[in-house]
Amino acid sequence: MKNYILKSLIFLLVVSCSSSDVNSDNNQGTQNNSPWLIPINEVRDGGPGKDGIPSIDSPNFTNASEVNFLNDNDFVIGIVKNNEAKAYPHIVMDWHEITNDAIGSDFFTLNYCPLTGTAFAWESIANGNRSTFGVSGLLYNANLILYDRNTDSNWSQLQLECVNGQLIGNKPTLLNVVETNWKTWKSLYPNTKVLNTQTGFSRTYGTSPYGDYAVNNNRFIFTPSIINNALPNKDRVYCIIDEDKSKVYQFSDFTNGKVIKDSFNGKDYLIVGNENIINAFELTAEYQNTTFEYELNESEGSIFKDDSGNTWSIFGKVVSGSQTGNSLQNPKSVVSYWFAIAAFYPNPEIYAMP
Amino acid sequence: MCLKKLLLSIVLLYALDFDAQTCCSGGIPLSNNIGLPILEKGTLQFGVSYDYNNLNTLNNGTEKLDDNSRLRITHSVLVNTNYSISNNLSIEGLFTWINQRRNISQFGNENLDLSSGIGDAVLLFKYDATKWFSKIIGKNSSLQFGLGTKLPLGSSTETNNQGITLNADLQPGSNAWDAIYLSSFSSSFNFRPSLSFTLRVIYRSTGTNNSYFRNTTYKFGNEFQGFLSFSDQFSFLKTIANPSISFKYRDAQLDQIGGFDLDNTGGNWVFLIPDFSINLKPNITFSTKAELPIYSNVDGTQLTPTYRITTGLLFKIKPKPILPNLN
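Residues numbered from 1 in each chain as written. Chains lettered and ligands numbered in written order. Predicted model: local features only at pLDDT ≥ 70, side-chain atom pairs only at ≥ 80, totals over all residues.

**Some details on the overall build of chain B**
Argument step 1. If you tally the helices and strands in chain B, you get 2 helices and 19 strands.
Argument step 2. A globule of 327 residues ought to have a C-alpha radius of gyration of about 20 Å, and chain B, at 21 Å, matches this closely.
Argument step 3. When the backbone C-alpha atoms are referred to their principal axes, chain B occupies close to 75 × 45 × 40 Å.
Argument step 4. The buried share of chain B, taken over its 327 residues, is 46%.
Argument step 5. Partitioning the contacts of chain B with sequence separation of at least 6, the portion at a separation of at least 24 is 65%. (Helix = DSSP H or I, 4+ residues; strand = E, 2+ residues; numbered from the N terminus. Rg over C-alpha atoms; globule rule 2.2 N^0.38 Å. Buried ≥ 20, exposed ≤ 12 C-beta atoms within 10 Å, placed from the backbone. Contact = placed C-beta atoms within 7 Å.)

Below you can see the structure in the form of structure tokens.
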């Protein structure tokens, strides 16, 4: 009897040890040798896995006047489209990194990387068709790699390019966003809607999943390939990107509000903002001789004016004056931790006050 | 008398400095599975067991979050060998093969990352110090100490199918040497000598992987584990069966990356461990146990153990008896 039990147990032990799960998307089974545009040995497994950080695909919003889950200093990512303003708080995006959303019939993917402090919005298009994007669970230079759910291609957020998969080499079509604190945003756009915490996921919104990472200059969770000590690693800077070059502007240079005309990589720009918000515009020939001046007018949502009496929004649109409706074009730009810009766009120029 | 010993043991356990801690909850169950008894000089013990660790509970601190999309499973095959160098000293080795799986079920898709291979091992010396403390611990009691190291035999650079190196939590090995300290006290009750309790503490002081992702360092948190076990013995199917029930306290410090604490690692837990073993033959014991969390308090938000099952066989090879010379 005991011999029989013994043999049975040994058999069960062997069987249980050799059991394996079958899975629909096995990332270990067959080798996937599709090429990457970035060094694969610098791509990191972030830990949570693909979709382990879930995107928000059915966002819910609260009107600004009813928002009670934000402090004035909390950062938000703001977008205005079709005269509708929306804000996406960091305290929510820290846990999801991607919100697939729409304003009217315009679908876009708002993405934010908490480890590099960078936010973009781009059209939710992959392979010519509407697609949502998700968090791949991979990082490059500590920065988010998204994947599109149409083709499963991987997109480097801060490189602004599909770096692996069927759509390799494709570039997203960007929408202009700004990053600022809640107080500034709601003063400019009091009718804004705000992404709220009714995300469908159970998370501790308001508590950063990364502790003091955002303010500790010495701390990396994933160390980038290039470290540039020209500025503290976690300094938030505003950055204009042109091809593989970049120029950064420090918020401290805009204290109390400034309008700067500057040149970078052979192009002229107008950079406008204050210590809380900055945006840049391509300065076309039409406006080369125009004088611009910082003037915040919260009641009409303008932040600068020109010598013809037109007032302009932070998105570069004339909100009052003879040219109402005109607008300036935004270059590729982003607010970022300094180290990330220096890693993706080596040796950035740093704007120096004259 | 025995009750006094038990209370004394509990007080000693709580008086220990609890600032220690661990490796990730999903890793290789090394500390759980060391500490075979010291038997008669020359006795060789050989055990083989299978360990299944399921983590499907997402916690923030002690709060269970409504999210079961993440599943972390570790299958381990453990091979223990223990040789009694003398009646008081033994050397034990624990060798592992491990299969780690991270499965995400989200948005109608499932994504699996996994690694397999030889895991880290443990080498442990144990000494029975009962004779030195017999006046303190009394009769029918034993006191043992152990000192060992974790050997980084496992690979820490496994990649997924795209050639991307998996993170530390999914690697079979840690690429770090750890120091392991063990002490164990057990005593039987006067009113029922087959009924005994054991108090066992294990502290693991972890080393650092200095080549994590080639450009940084990774250190799993130091780990403390305390076990309080009650076991009895009775006759079953004409052989001897040993049921036991244990309470395990585990405290793990935060992991460190690049010398800084890594959020959402570490925590402390209390587990209930029912165990049943039976002697299939005089020299073969089958055992099976479950490990069920009854208290989980993780640092930050992280997966926490849902349950663990371990089952295996232990073989004992005793030295041939020395026959008296009748000439």
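On we go.
**Let's talk about the overall build of chain A**
Argument step 1. Across its full length, chain A carries 4 helices and 27 strands.
Argument step 2. Taken across its 354 residues, chain A has 45% of its residues classed as buried.
Argument step 3. Within chain A, residue pairs in contact and separated by at least 24 positions form 58% of the contacts whose partners lie at least 6 positions apart.

**Examining the sheet that holds strand β5 (residues 98–103) of chain A**
All names here are of chain A.
Argument step 1. Strands sit in the order β5-β6-β7-β14 across an open sheet of 4 strands; the sheet is antiparallel. Each having just a single partner strand, β5 and β14 (174–175) make up the two edges of the open sheet.
Argument step 2. Here 6 bridges tie β5 to strand β6 (residues 106–113), and the two strands are oriented antiparallel to one another. By the bridge assignment for β6, A102 is matched with F107. (Pairing = 2+ DSSP bridges.)

**Considering the environment of I53 of chain A**
All names here are of chain A.
Argument step 1. Here I53 is to be found in the loop between β1 (43–45) and β2 (61–63).
Argument step 2. C-alpha of I53 to C-alpha of P346: the two residues are 293 residues apart in sequence and 29 Å apart in space.
Argument step 3. Setting aside residues no more than four positions away along its own chain, I53 makes contact with P48, H96, E97 and V135.

**Re the confidence of the model for chain A**
Argument step 1. Summing up the model confidence of chain A, the mean pLDDT is 92 and the portion of residues at 70 or higher is 91%.
Argument step 2. Between residues 9–29 of chain A, whose pLDDT stays under 50, and residues either more than four places distant or in other chains, the model counts 30 contacts. (pLDDT = per-residue confidence, 0-100.)

**Focus on the nonpolar core**
Residues and elements named next belong to chain A.
Argument step 1. Counting residues in each nonpolar core, the largest one holds 98 residues, and the members touching the most others are I77, L270 and I341.
Argument step 2. No other element matches the 7 residues that helix α4 (residues 338–344) contributes to this core.
Argument step 3. For this core, the domains that each give at least three residues are domain 1 (40–195) and domain 2 (236–350).
Argument step 4. Excluding anything up to four places from it in sequence, I341 contacts V237, C239, S246, V248, S336 and P348. (Core = buried A, V, L, I, M, F, W, Y, C linked by C-beta atoms within 7 Å. Domains from an automatic or database assignment.)

**Remarks on the sheet that holds strand β19 (residues 258–264) of chain A**
All names here are of chain A.
Argument step 1. Taken in spatial order, the 3 strands of this open sheet run β19-β20-β21, and their pairing is antiparallel. Every other strand in the sheet has two partners, leaving β19 and β21 (278–282) as the edge strands with one partner each. On average, adjacent strands in this sheet sit at an angle of 25 degrees to one another, irrespective of strand direction.
Argument step 2. By the bridge criterion, 7 bridges tie β19 to strand β20 (residues 267–273) in an arrangement that is antiparallel. In the strand pairing of β20, I260 is matched with I271. (Axes fitted to C-alpha atoms, helices over the stretch in contact; angles between N-to-C directions.)

**Focus: the confidence of the model for chain B**
Residues and elements named next belong to chain B.
Argument step 1. On average, residues of chain B score 89 in pLDDT, and 91% of them are at 70 or above.
Argument step 2. Contacts from residues 1–24, a stretch scored under 50 in pLDDT, to residues over four places away or in other chains number 46 contacts.
Argument step 3. The ipTM value of the predicted complex is 0.87, and its pTM value is 0.89.

**Section: the pairing of strand β10 (residues 209–212) of chain B**
Residues and elements named next belong to chain B.
Argument step 1. Here β10 runs beside strand β11 (residues 216–219); their pairing, made up of 2 bridges, is antiparallel. In the strand pairing of β11, Y212 is matched with T216.
Argument step 2. The hairpin formed by β10 and β11 contains 3 residues between the paired strands, and F213 there has a positive phi angle of roughly 50 degrees.

**Overview of the environment of N32 of chain B**
Argument step 1. With respect to the secondary-structure elements, N32 of chain B resides in the loop between α1 (2–15) and β1 (44–60).
Argument step 2. When the C-alpha atoms of N32 of chain B and S69 of chain B are compared, they prove to be 27 Å apart, with 37 residues separating the residues in sequence.

**So, the domain arrangement of chain A**
All names here are of chain A.
Argument step 1. Taken domain by domain, chain A comprises domain 1 (40–195) and domain 2 (236–350).
Argument step 2. Every contact between the two is made by 22 residues of domain 1 and, on the other side, 17 residues of domain 2.
Argument step 3. Counting only elements with at least two residues in the side of domain 1 that touches domain 2, the list comes to β7 (118–123), β15 (178–181) and α3 (182–188).
Argument step 4. Looking at the side of domain 1 that touches domain 2, the element that brings in the most residues is β15, giving 4 residues.
Argument step 5. The residue inventory of the side of domain 1 that touches domain 2, partitioned by class, reads 10 nonpolar, 11 polar and 1 charged. (Nonpolar A, V, L, I, M, F, W, Y, C, P; charged D, E, K, R; others polar.)

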